[in-house]
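Listed below are the residues making up each chain.
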Amino acid sequence: MKKVLILEDEANIRSFVVINLKRAGYEVVEAGTGYDALDKLEQNPDIGVAILDVMLPDIDGFEVCRRIRASGMKIGVIMLTARTQEDDKVTGLMTGADDYVTKPFSPAELTARIDALFRRVGTATAKVTSDMLKEGPFTLNLRNHSLEKNGVKVRLTQVEYAIVKLFMQNPGKPLSRENILAMVWGRDYVGDLKIVDVNIRRLRIKIEDDPQNPDYIMTVWGHGYQWGR
Ligand code: CA
């Protein structure tokens, strides 16, 4: 079944879309915030098309789109623009959206756009991730688990690789130390949070120009770390 994500914070609009998409034969995943959508996309790699509202309580739909494209996920993106203003459409397409639908829209119009996008993307289950994640001077190869900085290979342990991958999949997103521990070491891991700090310190020495003044792995005081500013 073709799987679609709908990101919309207004519950009544979201359920209206969900009902109509299910009626049209799609499997639907719902998200109410930008970060929620990014998490759901990661958990459901078989999503073929994402419908993104622009105005959201956390990060806006354009930013979600930008991150989807930065992550290398091969999915179609339709922006829901509230206004008919041209600049919203331009911004949406600039961030890598494939199409846009202006509110208010009819269910028939939306499903027609989704169908067209599925045809363009090729298959219902689009290829999920590319083999490379690129951020600034870094290229992470997901196939052979290697990292390059400006084309020069950086030697990483498997744990360090897992941390870098987590960061590069979530650029600009503050990740708590608990979160990093759970994602990298697993939810069952019983250990000290300091292991996160130790690995971050070692990673900084390997990848930062100046480990004392990091440009890439930033400290979020009292919380954890984030990739970039
Ligand atoms: Ca909204």
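What you see is a predicted model; the values in this text were computed from it and never measured. (Residues numbered from 1 in each chain as written. Predicted model: local features only at pLDDT ≥ 70, side-chain atom pairs only at ≥ 80, totals over all residues. Heavy atoms only, no water.)

J.: Is there a simple way to explain the side chain of Glu160 in this structure?
T.: By the secondary structure assignment, Glu160 is in helix H6 (residues 158-169). Of the polar contacts made by the side chain of Glu160, one reaches the side chain of Lys206; its length is 2.6 Å. Glu160 has contacts with Arg155, Asn199, Arg202, Leu203 and Lys206, leaving out every residue within four places of it along the chain. (Helix = DSSP H or I, 4+ residues; strand = E, 2+ residues; numbered from the N terminus. Polar contact = N/O pair within 3.5 Å; in protein donor to acceptor, adjacent residues only side chain to side chain. Contact = heavy atoms within 4.5 Å.)

J.: What's the story with the nonpolar core in this structure? I'm lost.
T.: One broad rule of soluble globular proteins: the nonpolar side chains tend to lie buried together. Phe167 and Ile180 are the most contacted members of the largest nonpolar core, which totals 25 residues. Of all elements in the fold, only strand S7 (138-141), H6, helix H7 (177-185), helix H8 (194-207) and strand S12 (224-227) reach the threshold of two or more residues within this core. Sorting elements by how many residues they give to this core places H6 first, with 6 residues. Among residues more than four places away in sequence, those in contact with Phe167 are Leu175, Ile180, Ile200, Ile217, Tyr225, Gln226 and Trp227. Ala31, Ile47, Cys65 and Val77 belong to the second largest nonpolar core, which has 22 residues in total. (Core = buried A, V, L, I, M, F, W, Y, C linked by side-chain atoms within 4.5 Å. Buried < 20%, exposed > 50% of the residue type's maximum accessible area, 1.4 Å probe, protein only.)

J.: Please explain the sheet that holds S12 as it appears in this structure.
T.: Strand pairing in a sheet takes place through backbone hydrogen bonds and is either antiparallel or parallel in direction. What the 3 strands build is an open sheet, ordered S10-S12-S11; its pairing is antiparallel. With partners counted over all chains shown, the strands left at the sheet margins are strand S10 (175-176) and strand S11 (217-220), one partner each. With 4 bridges joining them, S11 and S12 adopt antiparallel strand pairing. Bridge pairing in S12 links Thr219 to Tyr225. H8 rests against S11 and S12 of the sheet, and its axis sits at about 145° to S11. (Pairing = 2+ DSSP bridges. Axes fitted to C-alpha atoms, helices over the stretch in contact; angles between N-to-C directions.)

J.: Is there a simple way to think about the packing of helix H2 (residues 34-43) against helix H3 (residues 61-71) in this case?
T.: For any two helices packed against each other, one specifies the crossing angle of their axes together with the interaxial distance. Where H2 contacts H3, the two axes come as close as 9 Å, and the packing angle between them is 25°. With respect to H3, the axis of H2 lies roughly parallel. As for how H2 packs across H3, the hand of that crossing is right-handed. Of the residues in H3, those touching H2 at Gly34, Tyr35, Leu38 and Leu41 are Val64, Arg67 and Ile68. Residue composition of the contact of H2 with H3, by class: 5 nonpolar, 1 polar and 1 charged. (Parallel < 35°, antiparallel > 145°, perpendicular 65-115°, else oblique. Left-handed = near helix turned anticlockwise from the far one by under 90°. Nonpolar A, V, L, I, M, F, W, Y, C, P; charged D, E, K, R; others polar.)

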